[in-house]
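# A look at the structure
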Amino acid sequence: MALRPLRLGVNIDHVATIRNARGGAHPDPLRAARAAEAAGADGITAHLREDRRHIADDDIARLVAELERPLNLEMAPTAEMTAIALRHRPHAVCLVPEKREERTTEGGLDIAVHHNTVAPIVAELGTAGIRVSLFIEPSGVQLAVARAMGAPVVELHTGSYAEAVLSGERARIGTELGRLREAAAEGARLGLEVHAGHGLTFDNVGAIAAIPELAELNIGHFLVGEAIFTGLEAAIVRMRRLMEAARAEAGA
Ligand code: PXP
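Summary of the structure given here. All figures in this text were calculated on a predicted structure; none of them were measured in a lab.

## Some remarks on the site of the ligand
Near the ligand lie 14 residues; those nearest to it are Glu74, Glu155, Gly199, Gly220 and His221. In this structure, an oxygen atom belonging to the ligand sits 2.8 Å away from a main-chain N or O atom of Gly199. Within the contact set of the ligand, an oxygen atom lies 2.8 Å away from a backbone nitrogen or oxygen of Gly220. Burial of the ligand by the protein amounts to 95% of the accessible area it has alone, namely 400 Å². Looking at the shell around the ligand, its residues break down into 4 nonpolar, 7 polar and 3 charged.

## A look at helix H10 (residues 221-230)
Structurally, the α-helix is built with 3.6 residues per turn, so residues lying three or four positions apart point the same way. For H10, the set of buried residues is Leu223, Val224 and Glu226. For H10, the angular spread of the buried residues around the axis is 165 degrees, confining them to a single face. Facing away from the buried side of H10 by more than 90 degrees, the exposed set consists of His221, Ile228 and Phe229. In this structure, the buried side of H10 is in contact with strand S1 (7-11), helix H1 (13-22), strand S8 (214-219) and helix H11 (232-251). Among the residues trailing H10, Gly231 stands out with phi positive, at a value near 90 degrees.

## Here's the deal with the pattern of salt bridges
Applying the stated criterion across every chain, the model contains 17 salt bridges. The salt bridge involving Arg240 is made with Glu244; its shortest N-O contact spans 3.3 Å. Of this pair, Arg240 and Glu244 both sit in helix H11, 4 residues apart, which is roughly one turn of the helix. When its relative accessible area of 15% is taken as the criterion, Arg240 is described as buried. Each of Arg19, Asp28, Asp58, Asp59 and Arg62 takes part in salt bridges that share partners, so that together they form one network.

## Overview of unusual backbone geometry
Residues His26 and Pro27 are joined by a peptide bond in cis, for which omega reads -5 degrees. Summarising the element assignment, Pro27 is placed in the loop between H1 and helix H2 (29-39). You will see that Arg89, though not glycine, has its phi angle at about 50 degrees, which is positive. For Arg89, the location among the structural elements is in the loop between helix H4 (79-88) and strand S4 (92-95). Even without a glycine there, the phi angle at His198 is positive, about 115 degrees.

## Some thoughts on the packing of aromatic side chains
Here the structure, examined in full by the defined rule, presents 1 aromatic pair. Measuring from ring centre to ring centre gives 4.8 Å for Phe202 and Phe222, while their planes differ by 75 degrees; the resulting arrangement is edge-to-face. Here the residue Phe202 occupies a position in the loop between strand S7 (193-197) and helix H9 (205-209), and Phe222 occupies one in helix H10, the gap between them amounting to 20 residues. The class for Phe202 is buried, based on a relative accessible area of 12%. One residue, Arg238, lies across the ring of Phe202, its end atom 4.3 Å from the ring centre.

## Section: the layout of surface pockets
Approximately 270 Å³ is the volume found for the second largest pocket. In terms of lining, the second largest pocket is formed by Val15, Ile18, His26, Pro27, Asp28, Arg31, Ala32, Ala35, Val224, Ala227, Ile228 and Leu232. Residue assignment for the lining of the second largest pocket shows that the elements contributing at least two residues are H1, H2 and H10. Looking at side-chain class alone, the lining of the second largest pocket contains 9 nonpolar, 1 polar and 2 charged residues.

## Re the environment of Ala151
Looking at the element boundaries, Ala151 is found in the loop between helix H6 (140-149) and strand S6 (153-157). Overall, Ala151 belongs to the buried group, its relative accessible area being 4%. Spatially, the C-alpha atoms of Ala151 and Val122 are 6.4 Å apart, while their sequence positions differ by 29 residues. Here Ala151 is in contact with Val122, Val132, Leu134, Ala146 and Leu192, once residues within four sequence places are set aside.

## Re the packing of H2 against helix H3 (residues 57-66)
The N-to-C vectors of H2 and H3 enclose an angle of 35 degrees; their axes lie 10 Å apart at closest approach. Once H2 is placed against H3, the crossing between them reads as right-handed. Counting all contacts with H2, which are made through Pro29, Leu30, Ala33 and Arg34, the residues of H3 involved are Asp59, Arg62, Leu63 and Glu66. Looking at side-chain class alone, the contact of H2 with H3 contains 4 nonpolar, no polar and 4 charged residues.

Procedures and definitions
- Residues numbered from 1 in each chain as written.
- Predicted model: local features only at pLDDT ≥ 70, side-chain atom pairs only at ≥ 80, totals over all residues.
- Heavy atoms only, no water.
- Near = heavy atom within 4 Å.
- Polar contact = N/O pair within 3.5 Å; in protein donor to acceptor, adjacent residues only side chain to side chain.
- Areas by Shrake-Rupley, 256 points an atom, 1.4 Å probe, with all protein chains shown as cover.
- Nonpolar A, V, L, I, M, F, W, Y, C, P; charged D, E, K, R; others polar.
- Buried < 20%, exposed > 50% of the residue type's maximum accessible area, 1.4 Å probe, protein only.
- Helix = DSSP H or I, 4+ residues; strand = E, 2+ residues; numbered from the N terminus.
- Arc of directions from axis to C-beta.
- Contact = heavy atoms within 4.5 Å.
- Salt bridge = Lys/Arg side-chain N within 4 Å of Asp/Glu carboxyl O.
- Phe/Tyr/Trp six-rings, centres within 6.5 Å; stacked < 30°, edge-to-face > 60°.
- Lys NZ or Arg CZ within 6 Å of the ring centre and 35° of its normal.
- 1 Å grid on protein atoms, 1.4 Å probe; cavity = no way out; pocket = protein on both sides within 12 Å on 5 of 7 lines; lining within 4 Å.
- Points joined across faces, edges and corners; volume = space filled by probe spheres on them.
- Axes fitted to C-alpha atoms, helices over the stretch in contact; angles between N-to-C directions.
- Left-handed = near helix turned anticlockwise from the far one by under 90°.

So yeah, pure geometry; function would need other evidence.
So, in structure tokens, the structure goes:
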């Protein structure tokens, strides 16, 4: 049985990282987003961090105004970011944990611990018609809390799986994949739309793309890095092909 199509959201944060290394306007993340759309991205993802280390407020305004595909705004669950989301009304918001000293989003948002902060934001954004997703570890407790909060979408953090693949330890890879597979199935059983992302590459995307319940992958750092060698469009086209091939094989 053919599996449902798997969307690819392209995260353009690190185009802004390169731009900001020199100040100025080049390379422009909006231009990268347009190139990603032309290459077949189903959506664009951008993370407005509290320290504005890559994407800036003006980037969000331009992306909302000019993109053809949906924008998924990643942000910390804070009052400042909620006000920004309500002002710009992106198609989707993904709530992520944020520590200023971290290099990237290390681990999912613990929505059980931070329930009282996150639940009202989920409700407020949902009432405004924004599709809210919660970036969580693949765990039954986190999924149950997401369901109880009324979030329509969860995104499973694939960072531990990506690290396991880098380690080459087969048992560890199996354990991490098992957690992701179980969480995707449980999320779907609870009626949640399930996405996944973080640390995905040409080498590790296949096993994730083959998880039948997943509806979307969000991929950024690897694609922007690969774009140095092949161009962004070629990198996205190849990622899509790998995703589709893994899915076709899993559904055969
Ligand atoms: N999904 C979420 C929620 C993220 O925070 C990130 C990193 O910003 C990604 C996906 C993409 O991760 P990567 O840049 O490692 O592909």
